[in-house]
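Next come the chains, spelled out residue by residue.
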Amino acid sequence: MAKTKEKTIDGITFTVAPFPAIEALRLKSYLVKTLGPALAEAIGLFKSAENNDISGESLSGVVEKLTASLDEENFIHLVERMFFYITAKGADENGKPIVAMFGNDFEASFNKIFEGRLFSIYPVMLLVLEANYPDFFAKVAGNIGSLTSRINTFGKAKGEENPA
């Protein structure tokens, strides 16, 4: 059974609740159909980086391939669908607390949380996948959570030490 996952990425703590089962199945079908070939490349990247950090440069090639199969509106719709059960807590650049619940008002929440940190959506998307499809990642990609935590600019999973 999928469990709630929490991770701090670029100073924002994201909490992902699992999808209802039918939505998880619908989204999995859509992802396999739309992004299957690119996911295979992403898994290869994570597995090959097992003992090293994953550079932004190597990840950007995978991201480019992942997004090539979606036009602009479909990509935004996919992100909105994936982020529906996410809450985010942190602070803006002035230290003012910010909280967002993406299922309540996606556009306002997205703009509030990702302004100035747009690339952070990709590790958040991976966190959503890990939270909702742990069986997939356990069988195909091993412990992808520990691998994604080594993407050196995105932060650490809850419970891991922060770098000095």
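As the structure is a computational prediction, the values presented were derived from the model and not from experiment.

Colleague: An account of the overall build of the protein is needed here, citing residue identities and associated values.
Modeller: Within the protein, the regular secondary structure consists of seven helices and four strands. Listed N to C, the secondary structure of the protein is β-β-α-α-α-β-β-α-α-α-α in terms of helices and strands. Looking at the protein as a whole, 39% of its 164 residues qualify as buried. In the protein, 65% of the contacts between residues at least 6 apart in sequence involve partners at least 24 apart.

Colleague: Outline the packing of helix H3 (residues 72–83) against helix H5 (residues 121–132), supporting the account with residue identities and numerical values.
Modeller: In the contact formed by H3 and H5, the axes pass within 10 Å of each other and the chain directions differ by 50°. Classified by the angle between their axes, H3 and H5 sit oblique to one another. Handedness of the crossing formed by H3 with H5: left-handed. Counting all contacts with H3, which are made through Phe75, Leu78, Val79, Met82 and Phe83, the residues of H5 involved are Ile121, Tyr122, Val124, Met125, Val128 and Leu129.

Colleague: Could you give me a rundown of the packing of aromatic side chains, with the residues and numbers involved?
Modeller: Two measures describe an aromatic ring pair: the distance that separates the ring centres and the angle between the ring planes. Enumeration according to the criterion identifies 11 aromatic pairs in this entry. For the ring pair Phe102 and Phe106, a centre distance of 6.3 Å and an interplane angle of 50° mean the geometry is tilted. Overall, the relative accessible area of 2% leaves Phe102 in the buried class. Classification of Phe106 as buried rests on a relative accessible area of 12%. Centre to centre, the rings of Phe110 and Phe114 are 4.8 Å apart; their planes meet at 35°, and the pair counts as tilted. Here Phe110 and its partner Phe114 are both found in helix H4 (residues 106–114), four residues apart, which amounts to about one turn of the helix. Residue classification places Phe114 among the buried positions, given a relative accessible area of 2%. One aromatic cluster in this structure is built from Phe14, Phe83, Phe102, Phe106, Phe110 and Phe114. The ring centre of Tyr30 lies 5.8 Å from the NZ or CZ of Arg81, which sits over that ring.

Thresholds, definitions, all that
- Residues numbered from 1 in each chain as written.
- Predicted model: local features only at pLDDT ≥ 70, side-chain atom pairs only at ≥ 80, totals over all residues.
- Heavy atoms only, no water.
- Helix = DSSP H or I, 4+ residues; strand = E, 2+ residues; numbered from the N terminus.
- Buried < 20%, exposed > 50% of the residue type's maximum accessible area, 1.4 Å probe, protein only.
- Contact = heavy atoms within 4.5 Å.
- Axes fitted to C-alpha atoms, helices over the stretch in contact; angles between N-to-C directions.
- Parallel < 35°, antiparallel > 145°, perpendicular 65-115°, else oblique.
- Left-handed = near helix turned anticlockwise from the far one by under 90°.
- Phe/Tyr/Trp six-rings, centres within 6.5 Å; stacked < 30°, edge-to-face > 60°.
- Lys NZ or Arg CZ within 6 Å of the ring centre and 35° of its normal.

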